[in-house]
Amino acid sequence: LIRDLVYDFFSSQGWHISVAESGEKALDILHSKQFDLVLTDIKMPQMDGLALTSLVRQEHPEMPVVVMTGYPSVDSAVQALRQKVDDYIVKPFNINQLYKTIEAKLKERSES
């Protein structure tokens, strides 16, 4: 449901979005196209978002990664910091705030 909401909202803003139902599928998509940012949930089947972040960092160290979770914890926040995520969003979130966060991360990347 959240994935569909994010897809619909950002697509309506004219952004080109790809979605994946798992970390492994996300990696497949990342290998087939060029992306500016990764937005991932921490809890996903097979490979969680922090494991995905680790692999993204190995292959694309400068790519912004924003993680979101409906199950925030000190442990997941610390792990996210260790993976050098660009932001840690707690669900439920305001979609407009998510938009501003992602827009700011993309602007930071373009300026570096």
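The structure under discussion appears in the preceding block.
Note that the structure is a prediction, hence the values are computed from the model and not measured.

A. Layout of the sheet that holds strand β1 (residues 38-41). The three strands lie next to each other as β1-β2-β3, forming an open sheet whose pairing is parallel. Each edge of the sheet is formed by a strand with only one pairing partner; in this case those strands are β1 and β3 (87-90). Recorded for the sheet is a direction-independent mean angle of 20° between the axes of neighbouring strands. In this structure, strand β2 (residues 65-69) lies alongside β3, joined through four bridges in parallel fashion. Bridge pairing in β3 places Val66 opposite Asp87.

B. Main features of the side chain of Thr53. Along the chain, Thr53 turns up in helix α3 (residues 49-59). Each residue touching Thr53, except ones within four places of it in the same chain, is listed here: Thr40, Val65, Val67, Gln83 and Val85.

C. Spatial organisation of helix α5 (residues 95-111). With 17 residues, α5 should reach 24 Å at 1.5 Å per residue; the first-to-last C-alpha distance of 24 Å fits that figure. Every buried residue of α5 is accounted for by Ile95, Leu98, Tyr99, Thr101, Ile102 and Lys105. Buried positions in α5, seen along its axis, are confined to an arc of 165° and lie on one side of it. Of the exposed residues in α5, those oriented more than 90 degrees away from the buried face are Lys100, Lys107, Ser110 and Glu111. Taken together, the buried residues of α5 touch α1 (2-12), β1, β2 and β3.

D. Geometry of the packing of aromatic side chains. Under the counting rule described, the total for this entry stands at five aromatic pairs. Between the aromatic rings of Phe10 and Trp15, the centroid separation amounts to 4.9 Å while the plane-to-plane angle is 50°, which identifies the pairing as tilted. Linked through ring pairs, Phe9, Phe10, Trp15 and Tyr99 together constitute an aromatic cluster. Here the guanidinium or amino end of Lys43 rests over the ring plane of Tyr71, the centre of that ring lying 5.0 Å away.

Conventions and cut-offs
- Residues numbered from 1 in each chain as written.
- Predicted model: local features only at pLDDT ≥ 70, side-chain atom pairs only at ≥ 80, totals over all residues.
- Heavy atoms only, no water.
- Pairing = 2+ DSSP bridges.
- Helix = DSSP H or I, 4+ residues; strand = E, 2+ residues; numbered from the N terminus.
- Axes fitted to C-alpha atoms, helices over the stretch in contact; angles between N-to-C directions.
- Contact = heavy atoms within 4.5 Å.
- Expected span 1.5 Å × (residues − 1).
- Buried < 20%, exposed > 50% of the residue type's maximum accessible area, 1.4 Å probe, protein only.
- Arc of directions from axis to C-beta.
- Phe/Tyr/Trp six-rings, centres within 6.5 Å; stacked < 30°, edge-to-face > 60°.
- Lys NZ or Arg CZ within 6 Å of the ring centre and 35° of its normal.

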